[in-house]
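Results of the structural survey
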Amino acid sequence: MVSPSARLILSILYLSPIILSRASWRDISFFINGNISNAKNKVRFLDEPAGIEAWQKYEGRSIDSYFGFESNDLYRTVEDLAADGWELTENVPGFPVVFDQWFNQGSIRLVDQNGDGNITADDISRSDKNLLPTTQYGINLGFSYKNFEVSALIQGQAGGYYRDASFVYNHAIFDDAWSSENTDAAYPIPTPFYAIGGHTYNSDFWLKKSDYTRLKNVNLTYRIPAGLLEKWNLDRASVFVRGNNVAILKSSNSNVDPDGVGGSFLLKSWQFGINFNF
Ligand SMILES: [Ca+2]
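Rules of the game
Residues numbered from 1 in each chain as written. Predicted model: local features only at pLDDT ≥ 70, side-chain atom pairs only at ≥ 80, totals over all residues. Helix = DSSP H or I, 4+ residues; strand = E, 2+ residues; numbered from the N terminus. Buried ≥ 20, exposed ≤ 12 C-beta atoms within 10 Å, placed from the backbone. Contact = placed C-beta atoms within 7 Å. Core = buried A, V, L, I, M, F, W, Y, C linked by C-beta atoms within 7 Å. Pairing = 2+ DSSP bridges. Axes fitted to C-alpha atoms, helices over the stretch in contact; angles between N-to-C directions.

1. Side note on the overall build of the protein
Along the protein, the regular secondary structure elements total 4 helices and 14 strands. Across the 278 residues in the protein, those meeting the buried criterion constitute 20%. For the protein, the share of sequence-separated contacts (at least 6 apart) that also reach a separation of at least 24 residues comes to 69%.

2. Description of the environment of tryptophan 86
Looking at the element boundaries, tryptophan 86 is found in the loop between helix 2 (78–83) and strand 4 (88–92). The spatial distance from the C-alpha of tryptophan 86 to the C-alpha of glycine 117 is 9.0 Å, given a sequence separation of 31 residues. Once residues lying within four places of it in the same chain are set aside, the contact partners of tryptophan 86 are Leu81 and Val98.

3. Considerations on the nonpolar core
Membership of the largest hydrophobic core comes to 17 residues, with the highest contact counts inside it found for Leu74, Tyr75, Leu81, Val98, Ile108, Leu110 and Trp178. Among the elements of the structure, strand 5 (95–98) and strand 6 (108–110) are those that each provide at least two residues to this core. Contact partners of leucine 74, with chain neighbours within four places excluded, come to Gly106, Ser107, Ile108, Arg109, Trp178 and Pro188.

4. A closer look at the pairing of strand 9 (residues 148–158)
In this structure, strand 8 (residues 135–145) lies alongside strand 9, joined through 11 bridges in antiparallel fashion. The residue of strand 9 that forms the bridge with tyrosine 137 is glycine 156. Bridging between strand 9 and strand 12 (residues 212–223) involves 10 bridges; their strand directions are antiparallel. When the bridges of strand 12 are listed, glutamine 155 appears paired with arginine 214.

5. Notes on the sheet that holds strand 1 (residues 28–38)
If you trace the 6 strands from one edge of the open sheet to the other, you get 1-8-9-12-13-14, paired in antiparallel fashion. Each end of this open sheet is capped by a strand with a single partner; those strands are strand 1 and strand 14 (269–277). Between one strand axis and the next, the sheet turns through 15° on average, direction left out of account. Two strands pair when backbone bridges link them, and strand 12 and strand 13 (residues 236–251) are joined in this way by 11 bridges, in the antiparallel orientation. Paired with asparagine 217 across the two strands is asparagine 244, which belongs to strand 13.

6. Points about the environment of glutamate 53
Mapping glutamate 53 onto the fold places it in the loop between strand 1 and strand 2 (65–68). On the basis of neighbour counts, which here come to 13 C-beta atoms within 10 Å, the residue glutamate 53 falls in the partly exposed class. For glutamate 53 and serine 125, which are 72 residues apart along the polypeptide, the C-alpha to C-alpha distance reads 8.7 Å.

7. Brief notes about the environment of alanine 177
Along the chain, alanine 177 falls in the loop between helix 3 (172–175) and strand 11 (207–209). Classification of alanine 177 by C-beta neighbours within 10 Å gives partly exposed; the count is 18. Note: C-alpha distance between alanine 177 and proline 190 (13 residues apart in sequence) is 6.8 Å.

8. Some points on unusual backbone geometry
Phi is positive for aspartate 73, which is not a glycine, with a value near 65°. Following the sequence through the fold, aspartate 73 ends up in strand 3 (residues 71–74). Aspartate 73 sits in the exposed class, given 9 other C-beta atoms within 10 Å. Even without a glycine there, the phi angle at lysine 146 is positive, about 50°. Tracing the backbone shows lysine 146 in the loop between strand 8 and strand 9.

Read these as layout, nothing more, since geometry by itself doesn't imply function.
So this is what it looks like as structure tokens:
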């Protein structure tokens, strides 16, 4: 069952190309304009604690640079663990772990920045990855023909990262999680112990590029002809359809909306309305 308003939109959409195909080019006007901005910043001086490790220094990095453990893939095999000096023990039967550590086979492999053979808070480092995009752009475009007007905004960003917290609800991390049968997995092992496996560890493993291009909004307006309005004492009236967050045209991560804080979802919405001017 198609609602009356939806039927009206469909009729307008259906009729507009037919009307346009008969249009003379003089009746059509197009417009397009755009903007692009690129911003970079650097901490030139900061009175940081004496003795701070070189890899933790804020100075010389961007204000939005990420601070957390650096990751180097996963511990895909026992050999990977052995290469870092770790040995598995079976404290919990059937669930071998590196004793007293948060990781085991299938865990995120963190970089031991100070090379002391242990992963501690001293290994947390300042990254070159920005939590804010450095480039933002927008393109406005549209056309009008007689009483019809169509416009759209395409908008996007590049050069930033966001921390993907979607492991709580994202299917992909279970579909492609590490297991002894899937050692090439994209994601670490899901474990019964929340902290084990590095899911909640603050590491750059979870940083995802937040680049995207989106069809941010679309407007379709039809101005009702003046002749039809006279008997209602109306100056102007128009019918419109507006779409918001209509579609992501290109994205580094199709699982979540990178524009949302922490990769949360943004709402897609459609509005239908009538404007009257008395
Ligand atoms: Ca260390």
